[in-house]
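Single-letter residue listing:
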Amino acid sequence: MRTFMKRPGRLALPAMALGATLVIGVSAGQAADPVVAGDRSTQPVAAPTDHLARAEARGRSLDAALGIPSVSHRARRLDDAFEHRTYDEVSSFDAAGREVAISRFELDGSVAMAVALGWKPGAGRTVDGPGATARGRAFALAAGLAPGGPPDVRRSAASGGWSITWQRLVDGVPVRGDGTRISLWPDGSFHGLTRTDRPLAAAPSRSMTPAAARVAAGGLVAGRLGAAASDLRLVGVERAWVARNDAFDPVRADARAETLRLAWIARYDSHGALVDRLRSVELWIDAGDGSLLGGDLVE
């Protein structure tokens, strides 16, 4: 699955040109990525029969834990070249042979995704925010997950239900795009689950200080934008784990890196001549050696 914590209004993988011009290119996956352009990124691969049988049993147990009525299951193994993952996908069917749910499991058996198919209108009994939070945590625990910390709880504009998200933290540092999200129908019943838990590189033995990160970011902005750098104002730096991208190297394919690295995120807000073109720019700087890992912008 694609990661699920991207903020609204954000364009992934822009291109920042050398010199004094900021070039806003296509978003991720629209052109440069050879994996997803014009083709599926997931392909079925062979798997031992007993492995698929275990996956079907996991799907059956998960359906029961989440309150999804199902009577038969079919598993297949998929390789996702874009996400750098191989997982088992289980389709669940009711007595009439209709598909009622899909679940995905990592090869270690842990759940990565589940969704109850169909539409459940928001009529009748509904749950409030605290009730949705409690229900969401209960579903996460039933699925074998143990989310920690306070969740982000929001109304779902599409379904009228609720979205409960726990961001992944490692030693108190957020992992961009990783975490657990539970979606509920308005009455508090299960709608969907996604979990993203990607591999992390070893943390650097010596990490840059915030002051050093500011200096490194300033040098990168000045070197790439020249005089236009004066239209960007640094508003803060913070640490996060990120997947290297090719935001500032549009010649290369834009598939995400498999392993996340610890970085300093330097955020700049625009003013002056750039205000009409974008709101902010992020530079992702390796927390160990200060190299540029990628970035993002918000229009």
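Look a little higher up for the structure.
What counts, and where the lines are drawn
Residues numbered from 1 in each chain as written. Predicted model: local features only at pLDDT ≥ 70, side-chain atom pairs only at ≥ 80, totals over all residues. Heavy atoms only, no water. Helix = DSSP H or I, 4+ residues; strand = E, 2+ residues; numbered from the N terminus. Expected span 1.5 Å × (residues − 1). Buried < 20%, exposed > 50% of the residue type's maximum accessible area, 1.4 Å probe, protein only. Arc of directions from axis to C-beta. Core = buried A, V, L, I, M, F, W, Y, C linked by side-chain atoms within 4.5 Å. Contact = heavy atoms within 4.5 Å. Polar contact = N/O pair within 3.5 Å; in protein donor to acceptor, adjacent residues only side chain to side chain. Salt bridge = Lys/Arg side-chain N within 4 Å of Asp/Glu carboxyl O.

## What about helix H2 (residues 129-142)?
No. 1: In a regular helix each residue adds 1.5 Å, so 14 residues correspond to 20 Å; H2 covers 20 Å between its end C-alpha atoms and thus fits that length.
No. 2: The set of residues buried in H2 consists of Gly-129, Ala-132, Gly-136, Phe-139 and Ala-140. Here the buried residues of H2 occupy an arc of 100° about the axis, which is enough to place them on one side. Residues of H2 that are exposed and point more than 90 degrees away from the buried face comprise Pro-130, Ala-134 and Leu-141.
No. 3: One or two steps after H2, the chain reaches Gly-144, where phi turns positive at roughly 85°.

## Things to note about the nonpolar core
No. 1: Ranked by size, the top nonpolar core spans 27 residues in total, and within it Val-221, Leu-232 and Tyr-268 carry the most contacts.
No. 2: Those elements that place two or more of their residues in this core are strand S9 (173-184), helix H3 (210-225), strand S11 (232-243), strand S12 (260-270) and strand S13 (280-286).
No. 3: With five residues, S12 is the single largest residue contributor to this core.
No. 4: Non-local contacts of Val-221, meaning those with residues more than four positions away in its chain, are made with Gly-226, Ala-229, Leu-232, Tyr-268 and Leu-283.
No. 5: Residues Ala-101, Val-111, Trp-162 and Phe-190 belong to the second largest nonpolar core, which totals 26 residues.

## So, the side chain of Glu-89
No. 1: When you line up the elements, Glu-89 lands in strand S4 (residues 85-93).
No. 2: A distance of 2.8 Å separates a polar atom in the side chain of Glu-89 from a polar atom in the side chain of Arg-104.

## Topic: the pattern of salt bridges
No. 1: According to the stated counting rule, one finds 14 salt bridges in the structure shown.
No. 2: Where Asp-50 meets Arg-54, a salt bridge forms, and the shortest distance between an N and an O atom there is 3.6 Å. One end of the pair, Asp-50, and the other, Arg-54, are both in helix H1 (residues 49-66), four residues apart, so they sit about a helical turn from each other.
No. 3: Relative accessible area serves as the criterion here: at 39%, Arg-54 is assigned to the partly exposed category.
No. 4: Arg-154 is the partner of Asp-152 in a salt bridge, and the nearest nitrogen-oxygen pair spans 2.8 Å.
No. 5: Connected via shared salt-bridge partners are Arg-168, Asp-178, Arg-195, Asp-197 and Arg-198.

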